[in-house]
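What the coordinates show
Given next are the chains, with one letter for each unit.
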Amino acid sequence: MKKLVLILVLATIIINCKSENKGKIGSEVSNITTEKELDTIRLTNGFDFPVGKPDAKKYYNAQKFGDNNHLGDDWNGIGGGNTDLGDPIYSIGNGYVSFAKNVYGGWGNVIRIIHFIDKENQVESLYAHCNEIFVKKGEYIKKGQKIGTIGTNDGTYPAHLHLELRNEVGLPIGDGYSSNTKGYLNPTKFIKNNRK
Ligand SMILES: [Zn+2]
């Protein structure tokens, strides 16, 4: 009887150890696989312009960063007016969609993308007044991927893309204009300095 109890106890211990190890090895493997997969897709690989892929061909920057305390660039088609309504908007770089929805007011449809330059450095791009949104929060996307289309914010403005670039990730959406540029970058200057 004592032998049987001992065998049962040993068997229980062995089974427990096995299942613990299995769990540990299983989670480790899946973490490593996930990290490897993510590293190839989530790091940036240079930046391009968000319209007229990849060089903003047939578009111009109607209100540059800093003009009238503007915190971004306003991309417009050279045809003027609403000739660019519905034109594609492309992600300026590989990244992670952290926000994609209509916030109404002066903003309308907004997409925010976090770009992982390396383990320490990230920048965030913000695309506003979109006519359509083609991405969802939580998606990893590639440079040059079509993420939305140029809009008017429901008729508030002539169609254009308001593009912001921030080196402080996750700031409040803000007002689009401010004399305080802390946390913001000049998008055109940054893209020009970081082409592949
Ligand atoms: Zn603007």
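Our subject is the structure that appears above.
**Structural notes on the environment of tyrosine 60**
Checked against the element boundaries, tyrosine 60 lands in strand E1 (residues 59–63). For the pair formed by tyrosine 60 and glycine 79, sequence separation is 19 residues and the distance between their alpha carbons is 9.8 Å. If near-sequence neighbours (up to four positions away) are discounted, tyrosine 60 is found in contact with Asp74, Trp75, Asn76, Gly77 and Ile78.

**A look at the coordination of the zinc ion**
The protein atoms donating to the zinc ion are His70 (NE2), Asp74 (OD) and His162 (ND1), with metal-donor distances spanning 2.1 to 2.2 Å. Residue classification places histidine 162 among the buried positions, given a relative accessible area of 4%.

**Some details on the nonpolar core**
Core analysis: the largest hydrophobic core is formed by 24 residues, its most contacted members being Trp75, Tyr127, Ile147 and Leu161. At the level of secondary structure, the elements contributing two or more residues to this core comprise strand E5 (109–116), strand E6 (122–130), strand E10 (161–166) and helix H3 (187–193). Once residues within four sequence positions are removed from consideration, isoleucine 147 is found in contact with Ile89, Tyr90, Ser91, Ile111, Ile113, Tyr127, Glu132, Ile133, Phe134, Val135 and Ile141.

**A word on the side chain of threonine 44**
Checked against the element boundaries, threonine 44 lands in the loop between helix H1 (2–42) and helix H2 (52–56). Filtering out sequence-adjacent residues up to four positions away, threonine 44 remains in contact with Asn94, His115, Phe116 and Ile117.

**Brief notes about the environment of asparagine 194**
Mapped onto the secondary structure, asparagine 194 falls in the segment after H3. Residues asparagine 194 and phenylalanine 47, 147 residues apart in the sequence, show an inter-C-alpha distance of 5.7 Å. Among residues more than four places away in sequence, those in contact with asparagine 194 are Gly46 and Phe47.

**Re the side chain of asparagine 61**
Assignment of secondary structure puts asparagine 61 in strand E1. Within polar-contact distance, the side chain of asparagine 61 engages the side chain of aspartate 73 at 3.0 Å. Within the structure, asparagine 61 has its side chain in polar contact with the backbone nitrogen of aspartate 74 (distance 3.2 Å). Excluding residues that lie within four positions of it along the chain, asparagine 61 makes contacts with Asp73, Asp74, Trp75 and Thr188.

**Focus on unusual backbone geometry**
A cis geometry characterises the amide bond from lysine 53 onward to proline 54, with omega recorded as -5°. By secondary structure assignment, the location of proline 54 is in helix H2. Its identity is not glycine, yet tyrosine 104 carries a phi of approximately 60°, on the positive side. Considering the arrangement of structural elements, one finds tyrosine 104 in the loop between strand E4 (95–102) and E5. Judged by its relative accessible area of 58%, tyrosine 104 is exposed.

**Some remarks on the pattern of salt bridges**
In total, this model carries five salt bridges according to the counting rule given. The closest approach of N and O atoms between arginine 112 and glutamate 124, which form a salt bridge, is 2.5 Å. Taken as a pair, arginine 112 in strand E5 and glutamate 124 in strand E6 lie far apart in primary sequence, 12 residues in all. A salt bridge links glutamate 168 to lysine 182, with the shortest nitrogen-to-oxygen separation between them at 2.7 Å. With a gap of 14 residues between them, glutamate 168 in the loop between E10 and strand E11 (184–185) and lysine 182 in the loop between E10 and E11 connect regions that are remote in the sequence. Overall, the relative accessible area of 29% leaves glutamate 168 in the partly exposed class. Using a relative accessible area of 59% as the deciding quantity, one classes lysine 182 as exposed. Salt bridges here are not isolated pairs; linked through shared partners, they connect Asp48, Asp55 and Arg195.

**Points about the sheet that holds strand E3 (residues 88–90)**
Spatially, three strands are ordered E3-E9-E7 in an open sheet, and the strand pairing comes out antiparallel. Strand pairing shows two members of the sheet lacking a second neighbour, E3 and strand E7 (132–133), which therefore form its edges. The pairing of E7 with strand E9 (residues 146–149) spans two bridges and is classified as antiparallel. For glutamate 132, the partnering residue across the bridge sits in E9 and is threonine 149.

Reading the values: the criteria
- Residues numbered from 1 in each chain as written.
- Predicted model: local features only at pLDDT ≥ 70, side-chain atom pairs only at ≥ 80, totals over all residues.
- Heavy atoms only, no water.
- Helix = DSSP H or I, 4+ residues; strand = E, 2+ residues; numbered from the N terminus.
- Contact = heavy atoms within 4.5 Å.
- Donors = N, O, S within 2.8 Å, 3.2 Å for Na, K, Ca; no water.
- Buried < 20%, exposed > 50% of the residue type's maximum accessible area, 1.4 Å probe, protein only.
- Core = buried A, V, L, I, M, F, W, Y, C linked by side-chain atoms within 4.5 Å.
- Polar contact = N/O pair within 3.5 Å; in protein donor to acceptor, adjacent residues only side chain to side chain.
- Salt bridge = Lys/Arg side-chain N within 4 Å of Asp/Glu carboxyl O.
- Pairing = 2+ DSSP bridges.

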